[in-house]
Amino acid sequence: MSVILVTGGTGLVGTAIKHVIETEPVGSRFGKKAGETWIFASSKDGDLKDAASTKALFDKYRPTHVIHLAALVGGLFGNMKYKLSFLRDNILINDNVLHASHEHGTQKVISCLSTCVFPDKVAYPLDESKIHLGPPHQSNFGYAHAKRMVDVQNHAYNDQFGSKFTSAIPTNIFGPHDNFDLEGSHVIPGLIHKCYLAKKTNTPFVVAGTGKPLRQFIYSRDLAKLFIWQLREYDEIDPVILSVGEDEEISIKEVADAIVKAVGFQGDYQFDSTKADGQFRKPASNQKLLGLIGEFKFTPFDQAMQETVSWFLQNYETQVRGAKKA
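Residues numbered from 1 in each chain as written. Predicted model: local features only at pLDDT ≥ 70, side-chain atom pairs only at ≥ 80, totals over all residues. Heavy atoms only, no water.

Peer 1: Which parts of the structure should I look at to understand the packing of helix α8 (residues 252-263) against helix α10 (residues 301-315)?
Peer 2: The geometry of a pair of packed helices is captured by two quantities: the angle between their axes and the separation between those axes. Where α8 meets α10, the closest approach of the two axes is 9 Å, and the angle between their N-to-C directions is 50 degrees. Taken together, α8 and α10 sit at an angle that is classed as oblique. α10 is crossed by α8, and the crossing has right-handed handedness. In this structure, α8 uses V255, A258, I259, A262 and V263 to contact α10, whose residues at the interface are F301, D302, M305, Q306 and V309. Split by residue class, the contact of α8 with α10 holds 8 nonpolar, 1 polar and 1 charged. (Axes fitted to C-alpha atoms, helices over the stretch in contact; angles between N-to-C directions. Helix = DSSP H or I, 4+ residues; strand = E, 2+ residues; numbered from the N terminus. Parallel < 35°, antiparallel > 145°, perpendicular 65-115°, else oblique. Left-handed = near helix turned anticlockwise from the far one by under 90°. Contact = heavy atoms within 4.5 Å. Nonpolar A, V, L, I, M, F, W, Y, C, P; charged D, E, K, R; others polar.)

Spelled out as structure tokens, the structure:
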């Protein structure tokens, strides 16, 4: 019997994993296997910043495997404003989860990192060997250092105890159940919400920045399948980048264009170049992933965007985080 505990289980990636586990054929590569119990824990189940609360959660479920997604997360401006909060809260969360996993003899832990762990000044494309080659970008160094330390801890647990703790590095994630809050969200959910409100109020849709920066975006339900693959088939301690290929970078303007189309916005649409752009590009190589997983089909960006916007519109009054209540 396997008990898989997903921390942050009601967030963007956790709900996507639940969707895949429940909709893929039973016994298939990404579907639920016989003898598996999946637990999708949220902050209501325990405060992972607190060691005793984390221990109680592990005592309750006694997980054999953990997919660790819980984190204090935010967009560019939140990261710039609250650097210590992002550093300290995430260090506490990660240390408590890894320590509880060790204490309970958990067989495997996969922690979710981010491409922001990579150095600001680094040769592109990013790959798994470059994480510790220099300091991260100043705009989010608190969050980045906390996440980077997970890789250090994974290797330390393995060196000292033989623990199979590893990590995944997704690129920019989007999909249903994202945080669509206008202040604290990432770029795609924030723009979807802004565009929706602009259409609703017949006001201009204004995108912060020039629209020129390039990013790799991965659909949450594709990422969910990759986490399930990593849980079952990946045995290294070193992290693996989970992403579309670096040849699939798209600009923020292309993102905004896709949102305008999916929302059906026909009003005034412009870019505010007085706002910061963040890093221009940080392409990441998925060659390690592709060499290990074999054939994998990513959802086309426009289709994933349409599915995300459709979910947002259908659930705006009931499930959308950050929704403006009438």
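Structure shown, so let's carry the discussion forward.
Peer 1: What should I look at first to understand helix α7 (residues 220-233) in this one?
Peer 2: Helical geometry note: an α-helix holds 3.6 residues per turn, so side chains three or four residues apart project in the same direction. Here α7 contains 14 residues, and its C-alpha end-to-end distance of 20 Å stays within 8% of the 20 Å for a straight helix at 1.5 Å per residue. Of all 14 residues making up α7, 10 are buried, and the element is well covered by its neighbours. Restricting attention to buried positions, one finds in α7 the residues S220, D222, L223, A224, L226, F227, I228, W229, Q230 and L231. (Expected span 1.5 Å × (residues − 1). Buried < 20%, exposed > 50% of the residue type's maximum accessible area, 1.4 Å probe, protein only.)

Peer 1: Explain the pairing of strand β2 (residues 36-40) to me, please; I cannot follow it from the model alone.
Peer 2: Working note: regular strand, side chains alternate between the two faces of the sheet. Summarising burial for β2: 4 of the 5 residues are buried, a large majority. Looking at chain direction, strand β1 (residues 2-7) and β2 are connected through 5 bridges and run parallel. The residue of β2 that forms the bridge with V6 is F40. Each parallel crossover has a hand, and the one from β1 via helix α1 (residues 12-23) to β2 is right-handed. (Pairing = 2+ DSSP bridges. Right-handed = clockwise from strand over helix to strand, strands pointing away.)

Peer 1: Would you take a moment to explain the pattern of salt bridges for this structure?
Peer 2: Close approach of charged atoms allows side chains of opposite charge to pair. One pass over the structure, following the stated rule, counts 12 salt bridges. The salt bridge involving K253 is made with D257; its shortest N-O contact spans 3.1 Å. On the criterion of helical spacing, the pair formed by K253 and D257 is a turn pair, its members being 4 residues apart in helix α8. Owing to a relative accessible area of 39%, K253 belongs among the partly exposed residues under this scheme. K275 is the partner of D272 in a salt bridge, and the nearest nitrogen-oxygen pair spans 3.1 Å. (Salt bridge = Lys/Arg side-chain N within 4 Å of Asp/Glu carboxyl O.)

Peer 1: Explain helix α5 (residues 141-161) to me, please; I cannot follow it from the model alone.
Peer 2: For α5, spanning 21 residues, the distance from its first C-alpha to its last is 30 Å, which sits close to the expected 30 Å at 1.5 Å a residue. Of the positions making up α5, those classed as buried are G142, Y143, A144, A146, K147, R148, V150, D151, Q153, N154 and Y157. Taken from the residues just after α5, G162 is the one with a positive phi, measuring 75 degrees.

Peer 1: Would you take a moment to explain the state of the cysteines for this structure?
Peer 2: For the structure on display, the rule yields 0 disulfides. The thiol sulfur of C116 is not disulfide-bonded, and the nearest other cysteine sulfur, from C112, lies at 10 Å. (Disulfide = S-S within 2.5 Å.)

Peer 1: Looking at this structure, I do not really get the environment of N94. What am I missing?
Peer 2: Structurally, N94 is set in helix α4 (residues 83-103). When its relative accessible area of 1% is taken as the criterion, N94 is described as buried. When the C-alpha atoms of N94 and A51 are compared, they prove to be 10 Å apart, with 43 residues separating the residues in sequence. Ignoring sequence-local partners within four residues, the contact set of N94 consists of H68, A70, A146, K147, V150 and Q153.

Peer 1: How should I be thinking about the sheet that holds strand β5 (residues 165-170) in this particular structure?
Peer 2: Across a sheet, paired strands are connected by hydrogen bonds in the backbone, their directions being either parallel or antiparallel. Pairing in this open sheet of 6 strands is parallel, and the strands run β2-β1-β3-β4-β5-β10 from one edge to the other. The sheet is open, and its two edges are formed by β2 and β10 (240-242), each paired on a single side. With strand direction ignored, the average angle separating the axes of adjacent strands in the sheet is 20 degrees. The pairing of strand β4 (residues 108-112) with β5 spans 4 bridges and is parallel. Looking at β5, one finds that I110 is bridged to T166. Across the sheet, helix α2 (residues 51-61) is in contact with β1, β2 and β3 (65-68); its angle to β1 comes to roughly 150 degrees.

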